[in-house]
Amino acid sequence: MKIATSFFVAVLLITTSAEAAAAVTGERTWAESWAVQTESPSIRIDNIWGNVIVRTGVAGQVSVSAVELRSAPDQERFARSFVVLKPDINADADGVSIVVGNRDERSHQPQDCDGCRLDIQFEITVPPASIIDVSTVMDGHVAVEGVTGSVTAANVNGSVRVENIEHCDSIKNVNGKIDVSFSRSPAQACKIGTVNGDITLGLPPGAGLDLALDLFNGEAVSELPAGPMNLPATVEHRIENGRNRYHIEKLSGLRIGDGGPTYSISSINGDVRIKKYW
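Residues numbered from 1 in each chain as written. Predicted model: local features only at pLDDT ≥ 70, side-chain atom pairs only at ≥ 80, totals over all residues. Heavy atoms only, no water.

**Let's talk about the pattern of salt bridges**
Here's step 1: Applying the stated rule across the entire model yields 14 salt bridges.
Here's step 2: Between Glu 240 and Arg 245 there is a salt bridge; the shortest N-O distance is 3.6 Å.
Here's step 3: Exposure remark for Arg 245: the relative accessible area of 34% places this residue in the partly exposed category.
Here's step 4: Several salt bridges share partner residues, and in doing so they unite Arg 117, Asp 119 and Asp 139 into one network. (Salt bridge = Lys/Arg side-chain N within 4 Å of Asp/Glu carboxyl O. Buried < 20%, exposed > 50% of the residue type's maximum accessible area, 1.4 Å probe, protein only.)

Spelled out as structure tokens, the structure:
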């Protein structure tokens, strides 16, 4: 059930030149709130351009505020962008899902709208025990703070910061750093990986964790007691052109404290840092 809605649409800004058709931009600010009946609602935000910021609010309510900046090379494609680039919102008693673009055929460059763009800066407040799945792709950051439910977060060009949480499922990035900190010792496995960027884990004193590390050009540094740990090699078998092929992978193991759930951590260009949190 929707609780409240408010919005403001700015006047279109049109820039013209003698050589080209008019470029068009438009700005819109909106806010909505929904009632949820479960203690741990599912929250999904799939953005393309812009930030996704999630903080804890009150039980039973999800609130979203957003600033949209829409642009296109001309008026025709600007009008088209409202069809192919829009926040697709599904909300019910179990949670809220917002996907920018076509939910079934999502593309970072929408078909029939070359040069169209929709930057959205999302700020979301959620019940503390919410299950979070949020992402963005370009020119934005992803941040989640204070939730006790499990967190999945991803970015392509920008940072990912997940702070003061209890659980994570998957934290991914391509070009950007990852910072994850825990309010208590982790109790379940998680996968964390980036291609270009450092990964920092903040753990409370006395926390235990087993790390399966896949670092191509980087090192691991820990402020907490740590030691090497043997990990078995993994063997992946496939049949290709009638031949058996095997991919053998041996990861490096690092035990933090007395050990705990296994965190699979990978980076091609970046270090892994284990820091004291609290």
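Still more to cover.
**A closer look at the nonpolar core**
Here's step 1: Counting 58 residues, the largest nonpolar core has Phe 122, Ile 171, Ile 192, Leu 211 and Tyr 263 as the members making the most contacts within it.
Here's step 2: In terms of residues, this core owes the most to one element, strand E9 (residues 117–126), which gives five residues.
Here's step 3: Once residues within four sequence positions are removed from consideration, Ile 171 is found in contact with Val 151, Ala 153, Val 160, Val 162, Ile 178, Val 180, Cys 190, Lys 191, Ile 192 and Gly 193. (Core = buried A, V, L, I, M, F, W, Y, C linked by side-chain atoms within 4.5 Å. Helix = DSSP H or I, 4+ residues; strand = E, 2+ residues; numbered from the N terminus. Contact = heavy atoms within 4.5 Å.)

**Some thoughts on the environment of Gly 202**
Here's step 1: Here Gly 202 shows up in strand E17 (residues 199–203).
Here's step 2: Residues Gly 202 and Phe 182, spaced 20 residues apart in sequence, show a C-alpha to C-alpha distance of 6.1 Å.
Here's step 3: If near-sequence neighbours (up to four positions away) are discounted, Gly 202 is found in contact with Val 180, Ser 181, Phe 182, Lys 275 and Tyr 277.

**Some points on the packing of aromatic side chains**
Here's step 1: Scanning the entire structure with this criterion turns up three aromatic pairs.
Here's step 2: Taking the centre distance of 5.9 Å and the plane angle of 70° together, the rings of Phe 182 and Tyr 263 count as edge-to-face. Pair noted here: Phe 182 is in strand E15 (residues 178–182) and Tyr 263 is in strand E24 (residues 262–269), with a separation of 81 residues, a long-range link.
Here's step 3: What makes Phe 182 buried here is its relative accessible area of 0%.
Here's step 4: Taking the relative accessible area as the measure of exposure, Tyr 263 reaches 0% and is therefore buried.
Here's step 5: For Arg 70, the ring lying beneath its charged end belongs to Phe 82, and the centroid distance is 4.0 Å. (Phe/Tyr/Trp six-rings, centres within 6.5 Å; stacked < 30°, edge-to-face > 60°. Lys NZ or Arg CZ within 6 Å of the ring centre and 35° of its normal.)

**Re the layout of surface pockets**
Here's step 1: Reported here for the second largest pocket is a volume of approximately 150 Å³.
Here's step 2: In terms of lining residues, the second largest pocket is bounded by Ile 171, Lys 172, Lys 191, Ile 192, Gly 193, Ala 212, Asp 214, Glu 249, Leu 251, Ser 264, Ile 265 and Ser 266.
Here's step 3: Within the residue set of the lining of the second largest pocket, elements represented by two or more residues are strand E14 (167–172), strand E16 (190–196), strand E18 (209–217) and E24.
Here's step 4: In terms of residue class, the lining of the second largest pocket is made up of five nonpolar, three polar and four charged. (1 Å grid on protein atoms, 1.4 Å probe; cavity = no way out; pocket = protein on both sides within 12 Å on 5 of 7 lines; lining within 4 Å. Points joined across faces, edges and corners; volume = space filled by probe spheres on them. Nonpolar A, V, L, I, M, F, W, Y, C, P; charged D, E, K, R; others polar.)

**Focus: the state of the cysteines**
Here's step 1: Taken as a whole and assessed by the stated rule, the structure comprises two disulfides.
Here's step 2: What pairs with Cys 113 in a disulfide is Cys 116, and their sulfur atoms sit 1.9 Å apart. The sign of the -75° torsion about the S-S bond sets the Cys 113-Cys 116 disulfide as left-handed. Like Cys 113, the residue Cys 116 is buried in the burial classification.
Here's step 3: Across a sulfur-sulfur distance of 2.2 Å, Cys 168 and Cys 190 are joined as a disulfide pair. Measuring handedness by torsion sign, the sulfur bridge of Cys 168 and Cys 190 sits at about -130° and is left-handed. Placement of the pair is Cys 168 in strand E14 and Cys 190 in strand E16, with a sequence separation of 22 residues. Considered together, Cys 168 and Cys 190 belong to a single accessibility category, that of buried residues. (Disulfide = S-S within 2.5 Å.)

**Quick word on the confidence of the model for the protein**
Here's step 1: Mean pLDDT over the protein stands at 89; residues scoring 70 or higher make up 89%.
Here's step 2: In the model, residues 3–20 has pLDDT below 50 throughout and makes 33 contacts with residues more than four positions away in sequence or in other chains. (pLDDT = per-residue confidence, 0-100.)

**Regarding the sheet that holds strand E12 (residues 150–154)**
Here's step 1: If you trace the 11 strands from one edge of the open sheet to the other, you get E7-E8-E4-E10-E12-E14-E16-E24-E18-E23-E20, paired in mixed fashion. Across the chains shown, the open sheet's two edge strands, defined by having one partner strand only, are strand E7 (87–92) and strand E20 (226–229). Going from strand to strand, the sheet's axes swing by 15° on average, the running direction of each strand aside.
Here's step 2: One ladder, built from four bridges, connects strand E10 (residues 131–135) with E12; its direction is parallel. What sits directly across from Ile 132, in E12, is Val 151. (Pairing = 2+ DSSP bridges. Axes fitted to C-alpha atoms, helices over the stretch in contact; angles between N-to-C directions.)

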